[in-house]
Amino acid sequence: MESGVISFRWMNFCAALVVSIALLGNMASAEELTSAQTPTSRAPGAAAAQEESALDKRMRSERLTRENNFVLTPHRPNYLLPLSYNWSLNKAPYGTEGDKLQPAEIKFQISFKADIANNLFEDNGDLYVAYTQVSQWQAYNSDNSSPFRETNYEPEAFLAFATNVPVLGLRNRILSFGIVHQSNGRAEPLSRSWNRIYTEFMLDRGRFAMSLKPWYRFREPAETDNNPDINRYMGPGELRMFYEWKKYVMALMVRNNFRLHDQKGAEQIEFSFPIARKVKGYIQYFYGYGDTLIDYNARTNCLGIGVLLTDWL
């Protein structure tokens, strides 16, 4: 059986598992079965709002950081994985230097955003700029001067609208339109980059949240495009699902190219748990294509263990 088909079936199984756990968890409380509302969304004289959803808490925390000029607002999770082990390390792009690479390395992500304009459309529509950086560092490879194997830089800008639209038992809380550039900042033949526009729908229900993010890649001239088939591996978008219980968070990301006879995609499972007031333990497992830009067309099977400073929820 082709590996792409196996990956596709594994993706469907994981997606069904997370959704089932989330919905079963929400059934435990009658309050959580009622869609959470923010105080501004209630009609005058209505009953008190239900318990905050996991996404409500994240949005409230972000509002606090936005009002503090000395604090950066997290965008995606900020984490450090002192041990990230890659069972299928992609050595091909590095030529003879690839034989010196080791499967064990350090992986970390830095991600933050800032709002630069608010209420652009009456009382809605906030404009943000954001930056995310992911690095794989061969820190334990002292015989090869411990190089950074790959670093991806991802600046973006997006316009976010607060919404409250019911969708299949969930509520779409945020609608975003963005433009993003991602590259590894390297010279040929290791250079990789792409530019996209995207729409993101952020939905929630109680402890469960979901992000649906379709995108469109801008075409580049053939003579300068160093990864012309990237859509074949990365697909037209991604789906992320999150489930929060107390301070434990489970997340699942899935991508698929939706090509019946050429299945390519990826799955990433994340689990975080409290270990200190501002630090959580973190486990990340990635299988598929596009863990990094240099690996966009190479299947990765990687497990990382470390600490998390800011979570999805």
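Refer to the structure printed above.
Each value, and the rule that gives it
- Residues numbered from 1 in each chain as written.
- Predicted model: local features only at pLDDT ≥ 70, side-chain atom pairs only at ≥ 80, totals over all residues.
- Heavy atoms only, no water.
- Core = buried A, V, L, I, M, F, W, Y, C linked by side-chain atoms within 4.5 Å.
- Buried < 20%, exposed > 50% of the residue type's maximum accessible area, 1.4 Å probe, protein only.
- Helix = DSSP H or I, 4+ residues; strand = E, 2+ residues; numbered from the N terminus.
- Contact = heavy atoms within 4.5 Å.
- Polar contact = N/O pair within 3.5 Å; in protein donor to acceptor, adjacent residues only side chain to side chain.
- 1 Å grid on protein atoms, 1.4 Å probe; cavity = no way out; pocket = protein on both sides within 12 Å on 5 of 7 lines; lining within 4 Å.
- Points joined across faces, edges and corners; volume = space filled by probe spheres on them.
- Nonpolar A, V, L, I, M, F, W, Y, C, P; charged D, E, K, R; others polar.

## Some details on the nonpolar core
Formed by 14 residues in total, the largest nonpolar core has its most connected members in Phe158, Trp194, Tyr198 and Ile230. At the level of elements, strand E4 (126-137), strand E5 (148-167), strand E7 (193-205) and helix H4 (230-234) are the ones that each hand at least two residues to this core. For this core, the element with the highest residue contribution is H4, accounting for three residues. Among all residues touching Ile230, those that are not within four sequence positions of it are Trp194, Arg217, Gly235, Leu293 and Tyr296. Ala54, Leu55, Ala251 and Trp312 belong to the second largest nonpolar core, which has nine residues in total.

## Description of the environment of His75
One can find His75 in the loop between strand E1 (73-74) and strand E2 (78-86). Owing to a relative accessible area of 15%, His75 belongs among the buried residues under this scheme. Through-space distance from the C-alpha of His75 to that of Thr132 is 7.8 Å; in sequence the pair is 57 residues apart. Sequence-distant contacts of His75, that is, excluding residues within four places in its chain, are made with Arg58, Ser111, Phe112, Lys113, Ala130, Thr132, Glu156 and Phe158. A distance of 3.0 Å separates a polar atom in the side chain of His75 from a polar atom in the side chain of Glu156.

## Observations regarding the layout of surface pockets
For the second largest pocket, the calculated volume is near 820 Å³. Lining of the second largest pocket is provided by 22 residues; of these, Ser61, Leu309, Thr310, Asp311 and Leu313 occupy positions nearest its centre. Of all elements in the fold, only helix H3 (54-66) and strand E13 (300-310) reach the threshold of two or more residues within the lining of the second largest pocket. At six residues, the largest contribution of residues to the lining of the second largest pocket is made by H3. Split by residue class, the lining of the second largest pocket holds nine nonpolar, three polar and 10 charged.

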